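# Examining the three-dimensional arrangement
Each chain, written out:
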Amino acid sequence: MSDSTHYDALVCGAGVGGLASARALGELGLRVLLVDRQRAPLDVAKGEVLQPGALRVLRRWGTERLLRERSAVGLDRLVVRTARGDALMALDYRQLPDGDRQLLAHDHLAILTSLADGLGPEVEIRRGVLVQEPLRDDTGRVTGLRLTQKGVSHDVRAPLVVAADGISSRLRRAVGIGGRRVDYPHRLVSLDIAGPAWRPEDFAAYLTDRGLRLAYPLPGGRVRLYLQTRSDELRGLDRGRLEEWAAQAVGEVPALHGLVPALAAAAGSRQIFSVTRFLSDRLAAPGLALVGEAAYAVHPMAAQGMNTAITSAAALAEQIGRRLGDRPAAGGPSRLDTATVDAALHAYQAERLPFLVQAAQTSGNAARMVTDLSWPGRVVGRRAVRCTGANPRLLHTVTYNMAGLGPRPLTPLDRLQQIGLLPDPRAHLVPAG
Ligand SMILES: Cc1cc2nc3c(=O)[nH]c(=O)nc-3n(C[C@H](O)[C@H](O)[C@H](O)COP(=O)(O)OP(=O)(O)OC[C@H]3O[C@@H](n4cnc5c(N)ncnc54)[C@H](O)[C@@H]3O)c2cc1C
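Residues numbered from 1 in each chain as written. Predicted model: local features only at pLDDT ≥ 70, side-chain atom pairs only at ≥ 80, totals over all residues.

### A closer look at the overall build of the chain
Threshold: Counting from the N terminus, the helices are the DSSP runs of H or I reaching at least four residues and the strands are the DSSP runs of E reaching at least two. In this setup the radius of gyration rests on C-alpha atoms only. A globule is expected at 2.2 Å times the number of residues raised to 0.38. The exposure scheme places C-beta atoms from the backbone and then counts, for each residue, the other C-beta atoms within 10 Å of its own, assigning buried at 20 or more, exposed at 12 or fewer, and partly exposed in between. By definition, residues are in contact whenever their C-beta atoms, placed on the basis of the backbone, come within 7 Å of each other.
On a plain count of helices and strands, the chain comes out with 12 helices and 21 strands. A globule of 433 residues ought to have a C-alpha radius of gyration of about 22 Å, and the chain, at 22 Å, matches this closely. Its C-alpha atoms put the chain at 65 × 55 × 40 Å along the principal axes. Here the chain holds 433 residues, and the buried ones make up 46% of them. Taking all contacts inside the chain whose residues are at least 6 apart in sequence as the whole, residues at least 24 apart take part in 74%.

What follows is the structure, given as structure tokens:
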């Protein structure tokens, strides 16, 4: 069966990457079909913190205003601390350019909902629809998608397909784009703590010998807690033993003792995540663009994934918008032709891939500094955290990059200074902006 409705773009996946792509392409007046196999967005604890780089885009779309109206929490600092609470490295966002001075935290579901609520009439969403495979012409170009809904398959065609179908992207694999995937040797347990006696003021990362403990405030007086655990540590634990494990993991951090009384009630909220990083070799194939984790995934504790998905979606649409110029407005015949799509995809990959390579390196280093539990990893990681924290110049560059405003790559000399192997005579020279 074939769907004869005209679309300029088909977007597979209604996570942050797909919703942002649909929003950005719809804004150009393009007719977009967004599909997701889930019948409704899932309430998963996979990303609550938005960085200033993504907030620039969300501000333009009105999504930041929606999130703030829905009680999102503004955070000024991202602080790495000892278990006793002493600050080792404080990324102070208040030193960034005007308009970029806060992180924003809200539940992942609230972020998805706010993005979906901002979609215009150009975007049609269909949920409960599985994308089976890309459709291709004789040259191999992607020309549409084969969809299945309630057991019935049908084909939809469009000049542009966006694969925003997550890290295991079926579409990426179908067009033969490879990449480098690394699974970390630990997992993360998330807990949603309601009504605690104490709340952190910042995005606070505590280093312990058994792993990272991360806490930050969420709306409604709640706290999001992430606990690092060995991959095999929780195997076979029932709810009671898991509660004991969590109480012990939090109990080892004196700074978090104020959360302990509320832990038992939070046990039912726990979710466990395996942790992976991934970078695809390419961001596009003829007729198809990759956005979000289909192309790029980093350790969650770098708080970069959603942000990169949003800025990539905006970058893709910008490349298309530049080439559309002032062609007939929406509602008319197709505004997108294959030549426009090809030129835009070429430019999208050329602009975005080097950015993602750089961001992957920065995020990978940051994650290693705070989660590597091997003896040398711990020694070097803590040294790097301490030395960066004591060096205003490096601290500013790291804050700028984490905020998604960069990249301002660290030089090999910077890296030696970051682990204290060389003194830094320019440490006091904080870059402007
Ligand atoms: C524990 C954790 C904490 C995190 N914290 C942060 C954070 O603080 N800040 C941050 O920026 N990032 C964070 N991240 C990363 C962030 O969650 C991801 O980068 C982001 O959600 C990726 O969005 P996406 O749209 O690319 O993919 P996904 O969210 O995986 O969405 C893919 C969508 O595609 C759909 N789909 C897949 N295949 C098909 C198919 N064949 N047909 C139809 N639909 C399909 C799926 O149903 C899904 O809805 C965190 C991640 C984890 C795991």
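### Details of the site of the ligand
Which entries qualify depends on this criterion: Only the C-beta atom, placed from the backbone, is used; a residue is near a molecule or strand if that atom lies within 6 Å of it. Classification convention: Asp, Glu, Lys, Arg as charged; Ala, Val, Leu, Ile, Met, Phe, Trp, Tyr, Cys, Pro as nonpolar; all other residues, Gly among them, as polar. The split of the chain into domains comes from an automatic or database domain assignment.
Among the 34 residues in the neighbourhood of the ligand, the closest are listed as Gly13, Gly15, Gly166, Gly292 and Gly305. Elements with a contribution of two residues or more to the shell around the ligand: α1 (16-27), β3 (32-36), β10 (130-136), β14 (179-193) and α8 (305-324). It is α8 that contributes the most residues to the shell around the ligand, 4 residues altogether. Residues of the shell around the ligand, tallied by class, amount to 15 nonpolar, 12 polar and 7 charged. A domain split of the shell around the ligand shows at least three residues from each of domain 1 (2-71 + 106-178 + 281-364) and domain 2 (184-275).

### Structural notes on the pairing of strand β15 (residues 203-208)
Here is the rule: What makes two strands pair is DSSP finding at least two bridges between them.
Among the 6 residues of β15, 5 are classified as buried, and the element is accordingly described as predominantly covered. Across 5 bridges, strand β6 (residues 77-82) lies against β15 in parallel orientation. Note that in β15 the partner of Val80 across the bridge is Ala205. Looking at chain direction, β15 and strand β16 (residues 211-218) are connected through 5 bridges and run antiparallel.

### What about the domain arrangement of the chain?
Considered domain by domain, the chain is made up of domain 1 (2-71 + 106-178 + 281-364), domain 2 (184-275) and domain 3 (374-418). Between the C-alpha centres of domain 2 and domain 3 the distance comes to 26 Å.

### Concerning the packing of α1 against α8
Under the convention used in this document: Throughout, an axis means a line fitted to C-alpha atoms (over the contacting stretch in the case of helices), and angles, computed between N-to-C directions, take values from 0 to 180 degrees. Angle categories: roughly parallel below 35 degrees, roughly antiparallel above 145, roughly perpendicular from 65 to 115, and oblique for all the rest. In this scheme, a crossing is called left-handed if the near helix is turned counterclockwise away from the far one by less than a right angle; it is called right-handed if the turn is clockwise.
For the pair α1 and α8, interaxial distance at closest approach is 8 Å and the crossing angle is 25 degrees. On the basis of the axis angle, α1 is roughly parallel to α8. Along this stretch, α1 crosses α8, giving a crossing that reads as right-handed. The residues of α8 that touch α1, namely those facing Val16, Gly17, Ala20, Ser21, Ala24, Leu25 and Glu27, are Met306, Ala309, Ile310, Ala313, Ala314, Leu316 and Ala317. In the contact of α1 with α8, the residues fall into 11 nonpolar, 2 polar and 1 charged.

### Thoughts on the sheet that holds strand β13 (residues 160-163)
Strand pairs in the sheet, formed through backbone hydrogen bonds, run parallel or antiparallel to each other. An order of β9-β3-β2-β13-β20-β19 is seen for the 6 strands of this open sheet, with the pairing classed as mixed. Every interior strand has two partners, whereas the edge strands, β9 (123-127) and β19 (284-285), have only one. The pairing of β19 with strand β20 (residues 288-290) spans 2 bridges and is classified as antiparallel. Paired with Ala284 across the two strands is Ala289, which belongs to β20.

### Brief notes about the pairing of strand β18 (residues 271-280)
Bridge count between β14 and β18: 9 bridges; the pairing is antiparallel. From the neighbouring strand, Val182 faces β18, where its bridge partner is Arg277. For β18 and strand β21 (residues 296-297), the ladder comprises 2 bridges, and the chain directions are antiparallel. Bridge pairing links Leu279 to Tyr296 in β21.

### Here we look at the environment of Ala314
Among the secondary structure elements, Ala314 is positioned in helix α8. Along the backbone, Ala314 and Gly220 are 94 residues apart, and their C-alpha atoms lie at a distance of 31 Å.

### Re unusual backbone geometry
Cis geometry marks the peptide bond from Gly406 to Pro407, where omega comes out at 15 degrees. With a phi angle near 50 degrees, Lys150 is a residue other than glycine that sits in the positive phi range. Relative to the helices and strands, Lys150 resides in the loop between β11 (142-149) and β12 (152-157). Overall, Lys150 belongs to the exposed group, with 6 C-beta atoms counted inside 10 Å. Here the phi dihedral of Ala303 falls at roughly 50 degrees; this positive angle occurs in a residue that is not glycine. Relative to the helices and strands, Ala303 resides in the loop between β21 and α8.

### Considering helix α6 (residues 239-251)
Test applied: Each helix should span, by expectation, one fewer than its residue count multiplied by 1.5 Å. The reported arc concerns the directions from the helix axis to the C-beta atoms and nothing else.
Look at α6: 18 Å from first C-alpha to last across 13 residues, which is about the 18 Å you get at 1.5 Å a residue. Every buried residue belonging to α6 is among Ala246, Ala249 and Val250, and all of these are buried. The buried residues of α6 all sit within an arc of 90 degrees when viewed along its axis, so they share a single face. Facing away from the buried side of α6 by more than 90 degrees, the exposed set consists of Gly240, Arg241 and Gln248. Where the residues of α6 are buried, they touch β14, β16, β17 (222-230) and α7 (263-266).

### A look at the environment of Gly128
In this structure, Gly128 sits in the loop between β9 and β10. What makes Gly128 partly exposed here is the crowd of 13 C-beta atoms within 10 Å. The spacing of Gly128 and Thr148 is 20 residues in sequence and 8.8 Å in space, taken between C-alpha atoms.

### Focus on the sheet that holds β18
An order of β7-β6-β15-β16-β17-β14-β18-β21 is seen for the 8 strands of this open sheet, with the pairing classed as mixed. Taken across any chain shown, the strands that pair with only one partner, and hence form the sheet edges, are β7 (87-92) and β21.

### Observations regarding the packing of α1 against helix α4 (residues 108-117)
Between α1 and α4, whose axes approach to 9 Å, the crossing angle comes to 15 degrees. What the angle tells us is that α1 and α4 run roughly parallel. As α1 packs across α4, the resulting crossing turns out to be left-handed. Judged by residue contacts, Val16, Leu19, Ala20 and Arg23 of α1 engage Ile111, Leu112, Leu115 and Ala116 from α4. Residue composition of the contact of α1 with α4, by class: 7 nonpolar, no polar and 1 charged.

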